[in-house]
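Report on the structure
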Amino acid sequence: MNETKIDEIRNYCLNCINKPCSKNGCPLNNDIPVFIHEEDMKKAFEILSNTTVLPAICGSICPHEKQCQGSCIRGIKGEPVSIGKMEAFIGKKSIENNYKIPKIMDKNDISQEEKELYEKLKDKKVAVVGSGPAGLTCSAFLARVGVKVTIYERHDTLGGILTHGIPDFRLDRQIIKSTIDKILDLGIDVKLNQQLGKDIKMEELTEEYDAVFIAIGANIPTKMGIEGEDLKGVYGGNTLLEDNSHPDYKNKTVCVIGGGNVAMDASRTIKRLGAKDVYVIYRRAEEQMPAERKEIEDAKNEGIKFLFQTNIVRVIKKENEDCSKLETDIGQIECIKTELVQKEYDARLSPVNIEGSNFMLDMDYVVMATGSKPKEDDIAEFEKNKWGYINVNENMETNIPNVFAGGDIAGEKSTVAWAARSGRNAAESIIKRLSKKYEKKTTHYECTQSK
């Protein structure tokens, strides 16, 4: 964006007193009108740093129309303020100009209370297991107040879902790296290729560290319970995106089941890898898709075909053909049309199969993108909730003393911003635990630098 566009956004923003974009729309409660109207980019970045350490990332990929921009007053009668573009611009400027995330001891007017907090925390050690949005955010908010943080990551690069889930055509890898480097500059240590339960054990972490935060995500694809879903050629969307290990799609027909961003990312990736036809099959109507509107439109523009109000019934093996040397056993899928009905005590319309509306589609590969769950072996020591995620209390504490959990592994809402909020909340709880007497009533720790 150029200066003229920035001024247009500033002038268009009403600078509302009640700030619905911040209070109702943004999961991180970023002070949106204030950072938009701040003309000094460094100060605007420091304002954002009160609540987030991922501005360049969230500004690029958040579902803004469902979050901040969806609550913008301007959007009632016209177009909402371009909040996402402004946040991304500030985040990218912070990278270009090497703005530092401010620490508590960087402040020119540090208070006695803050000095006492730093003294209590400077010798404390916390292990953060997982380096996705929750883990990175928790690490940053701990490190900036003096805690010695070590991140453990099972891959050979940091980023979690940012690096091993969101395709590079949607999120620039250099932005991820630069954002992570800025966080590590707070003095955070890193240990790569360390998988919980295999390379590192919980008892080792709890002995060495004063607290532990578990943010390893929940990326095991859920099954639909339909006939043929265990055939060769059926994949999980999360697994394909994380491992980036795809079969040869060239001149093949592929269907992706689901309506979220994982389904959009998987379908667009597969199309770019040479598939002849890619179908997204979704059992509800288009307007009910949880994916971001922009991602749906981008998928359509790239030639993805959508079958709405359609359910998959079974995956059918090829007949009269030796599949032993092929990458897939699949020959067809059977689908059925659905109608949407209002059920009692359910605010959302529910899809119901229409009897006799079955039809067949020739298919080479099937990708399930209908949700994910934790890997049970990774969290065997933890108490689970009824959905199989790590059970946490209101302070994000698990059943293991001084061990906290957040993000997808604790069943939080599955967006980058909500994961980051979970990490920040965990950092606040850990700070309170480690400092014992320290209690601060605000929802985040403010350490914006003064002039």
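The paragraphs below set out a description of the structure included in this document. Sequence positions are assigned chain by chain, starting from 1 and proceeding in written order. Totals for whole chains, interfaces and linings use all residues, but because this is a predicted model, local features are given only for residues with pLDDT of at least 70 and pairs of side-chain atoms are given and counted only at 80 or more. No hydrogens and no water enter the side-chain calculation; it runs on all heavy atoms of the structure.

**Observations concerning the overall build of the protein**
Selection criterion: By definition, any uninterrupted DSSP run of H or I lasting at least four residues is a helix, any uninterrupted run of E lasting at least two residues is a strand, and each is numbered from the N terminus. The globule rule used here is 2.2 Å times the number of residues to the 0.38 power, and the radius of gyration it is set against is calculated over C-alpha atoms. What makes two residues a contact is simply this: any of their non-hydrogen atoms within 4.5 Å. Here, Shrake-Rupley sampling with a 1.4 Å probe gives the accessible areas, and only protein chains in the shown set may cover a residue. We count Lys and Arg on the positive side and Asp and Glu on the negative side, and we leave His and both chain ends out. Taken as the charge centre is NZ of Lys, CZ of Arg, CG of Asp or CD of Glu, depending on the residue.
Counting its regular elements, the protein contains 15 helices and 16 strands. The C-alpha atoms of the protein give a radius of gyration of 23 Å, which matches the 22 Å a tight globule of 451 residues would have. With respect to the three principal axes, the spread of C-alpha positions in the protein is 80 × 55 × 45 Å. Across the protein, every contact between residues at least 6 apart in sequence was considered, and the portion connecting residues at least 24 apart equals 69%. As presented, the protein carries roughly 21,200 Å² of accessible surface, and 45% of it is formed by carbon and sulfur atoms. Of the side chains in the protein, 65 bear a positive and 71 a negative charge, and the two mean positions are spaced by 3 Å.

**Examining the sheet that holds strand E14 (residues 365-368)**
Put simply, the rule reads: Here, strands pair whenever DSSP counts at least two bridges between them. Only the stretch in contact is used when a helix axis is fitted, and all axes are lines through C-alpha atoms; the angle between N-to-C directions ranges over 0 to 180 degrees.
The strand order across the open sheet formed by five strands is E6-E14-E7-E8-E9, and the pairing between neighbours is parallel. Two strands close off the open sheet at either side, each with one partner strand: strand E6 (234-236) and strand E9 (305-307). Adjacent strand axes in the sheet meet at a mean angle of 25°, parallel and antiparallel pairs treated alike. For strand E8 (residues 277-281) and E9, the ladder comprises three bridges, and the chain directions are parallel. Among the inter-strand pairings, Ile281 is bridged to a residue of E9, identified as Leu307. Sitting on the sheet, helix H13 (residues 261-272) touches strand E7 (253-257), E8, E9 and E14, and the angle it makes with E8 is about 170°.

**Considering the sheet that holds strand E4 (residues 211-214)**
The sheet built from five strands is open, its strands ordered E3-E2-E1-E4-E16 with parallel pairing. A single partner strand is all that each edge strand has here, and the edge strands are strand E3 (189-191) and strand E16 (403-405). When the angles between neighbouring strand axes are averaged without regard to direction, this sheet yields 20°. Of the strand pairs in this sheet, strand E1 (residues 125-129) and strand E2 (residues 148-152) are connected by five bridges, and their pairing is parallel. Within the sheet, the bridge partner assigned to Lys125 lies in E2 and is Lys148. Where helix H8 (residues 133-143) meets the sheet, its contacts fall on E1, E2 and E4, and the angle it forms with E2 comes to roughly 165°. Together, E1, E4 and E16 form the strand contacts of helix H15 (residues 416-435), whose direction differs from that of E4 by roughly 170°.

**A look at the packing of aromatic side chains**
Where we set the bar: Put simply, two rings from Phe, Tyr or Trp (the six-membered ring, in Trp's case) pair if the centres are within 6.5 Å, and we call them stacked under 30 degrees between planes, edge-to-face over 60, tilted for the rest. Throughout, exposure labels follow a simple rule: accessible area from a 1.4 Å probe, protein chains only, divided by the maximum for the residue type, with under 20% read as buried, over 50% as exposed, and the rest as partly exposed. Definition used: whenever NZ (Lys) or CZ (Arg) falls within 6 Å of the ring centre and also within 35 degrees of the ring normal, the charge is taken to sit over that ring.
Counted according to the given criterion, the structure contains five aromatic pairs. The interplanar angle of 85° and the centroid separation of 5.7 Å between the aromatic rings of Tyr249 and Tyr365 together place this pair among those described as edge-to-face. One end of the pair, Tyr249, is in the loop between helix H12 (237-243) and E7; the other, Tyr365, is in strand E14, and 116 residues separate them in sequence. Pair check on accessibility: Tyr249 and Tyr365 agree, each one buried. With a centroid separation of 5.4 Å and 20° between ring planes, the pair formed by Phe306 and Phe308 is classed as stacked. Grouping aromatic residues by their ring pairs yields a cluster made of Tyr235, Tyr249 and Tyr365. One Lys or Arg, Arg74, reaches over the ring of Tyr12 and ends 4.3 Å from the middle of that ring. Over the ring of Phe306 we find Lys300, and its NZ or CZ is 6.0 Å from the ring centre.

Geometric descriptors of this kind do not, in isolation, establish any biological role.
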